[in-house]
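# Observations on chain architecture
This is what each chain is made of:
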Amino acid sequence: MLEEGVIKYDDSKKQERYDRAYLRMALEWANLSKCTRKQVGALLVKDGMIISDGYNGTPSGFENDCEDEAGDTFWYVLHAEANAIMKVAKSNNSARNSTLYITLSPCRECSKLILQAGIRRLVYTTGYKDDSGLNFLQDAGVDIVQLENP
């Protein structure tokens, strides 16, 4: 029993503080992207540790230009969450039961990767123009949180 006047620390407030901090880090990571239309950053966190990171850009070995002269994104540009998932797949770690922090909510294609990787929680800042990826993840039981101003 708590003494009178002692406030029990709210775990949800603590989680929100961490969520905002990781999102700010993802926003910084997005600045590494050479894409001009959108710069997106992602972090994978598991058991309180960052296990992977990514930002949108071209595959290794390609010129780091994401758009053509007309401003259209090249088809082979990788999304930030795909880069983070692929990076953790090459490591000794697993994304299972992790949290993905991302600056832009995932598209349909990346949502499939997120679910297949076993990511259980998604925290993002800005909504993508097509919310079918979010709907898919929500229907699959992934915990989704939007924090617009981390």
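That block above? That's the structure.
### A few points about the overall build of the protein
The number of helices and strands found in the protein is four helices and five strands. Secondary structure elements of the protein, listed N to C terminal, follow the sequence α-β-β-α-β-α-β-α-β. C-alpha atoms of the protein, sized along the principal axes, occupy 65 × 30 × 30 Å. The burial tally for the protein puts 38% of its 150 residues in the buried class. In the protein, 48% of the contacts between residues at least 6 apart in sequence involve partners at least 24 apart. Accessible area for the protein stands at about 9400 Å²; split by element, carbon and sulfur atoms hold 49% of it. The protein carries 18 positive and 22 negative side-chain charges, and their two centres are separated by 4 Å.

### Quick word on the nonpolar core
Membership of the largest hydrophobic core comes to 20 residues, with the highest contact counts inside it found for Leu44, Leu100, Ile102, Ile119 and Leu122. Counting only elements with at least two residues in this core, the list comes to strand E1 (41-46), helix H2 (80-89), strand E3 (99-104), strand E4 (121-126) and helix H4 (132-139). When residues of this core are assigned to their parent elements, the largest contribution, four residues, is made by H2. Excluding its chain neighbours within four sequence positions, the residues that come into contact with leucine 122 are Leu100, Ile102, Pro106, Leu134, Leu137, Val142, Asp143, Ile144 and Val145.

### A look at the environment of arginine 37
By the element assignment, arginine 37 lies in the loop between helix H1 (11-30) and E1. Residues arginine 37 and glutamine 138, spaced 101 residues apart in sequence, show a C-alpha to C-alpha distance of 27 Å. Setting aside its immediate chain neighbours within four residues, arginine 37 contacts Glu67, Gly71 and Thr73. Here threonine 73 takes part through its side chain, which lies 2.6 Å from a polar atom of the side chain of arginine 37.

### Description of the sheet that holds strand E5 (residues 143-146)
Backbone hydrogen bonds hold the strands of a sheet together, and the pairing may be parallel or antiparallel. On the basis of which strands lie adjacent, the open sheet formed by five strands has the order E2-E1-E3-E4-E5 and mixed pairing. Because the sheet does not close on itself, it has two edges, and the strands there are strand E2 (49-55) and E5. For this sheet the average axis-to-axis angle between neighbouring strands, irrespective of direction, equals 15°. Sheet analysis places E3 next to E4, joined by five bridges and oriented parallel. Bridging across to E4, threonine 99 finds its partner in arginine 121. Where H2 meets the sheet, its contacts fall on E1, E2 and E3, and the angle it forms with E2 comes to roughly 130°.

Reading the values: the criteria
Residues numbered from 1 in each chain as written. Predicted model: local features only at pLDDT ≥ 70, side-chain atom pairs only at ≥ 80, totals over all residues. Heavy atoms only, no water. Helix = DSSP H or I, 4+ residues; strand = E, 2+ residues; numbered from the N terminus. Buried < 20%, exposed > 50% of the residue type's maximum accessible area, 1.4 Å probe, protein only. Contact = heavy atoms within 4.5 Å. Areas by Shrake-Rupley, 256 points an atom, 1.4 Å probe, with all protein chains shown as cover. Lys, Arg positive; Asp, Glu negative; His and termini not counted. Charge placed at Lys NZ, Arg CZ, Asp CG, Glu CD. Core = buried A, V, L, I, M, F, W, Y, C linked by side-chain atoms within 4.5 Å. Polar contact = N/O pair within 3.5 Å; in protein donor to acceptor, adjacent residues only side chain to side chain. Pairing = 2+ DSSP bridges. Axes fitted to C-alpha atoms, helices over the stretch in contact; angles between N-to-C directions.

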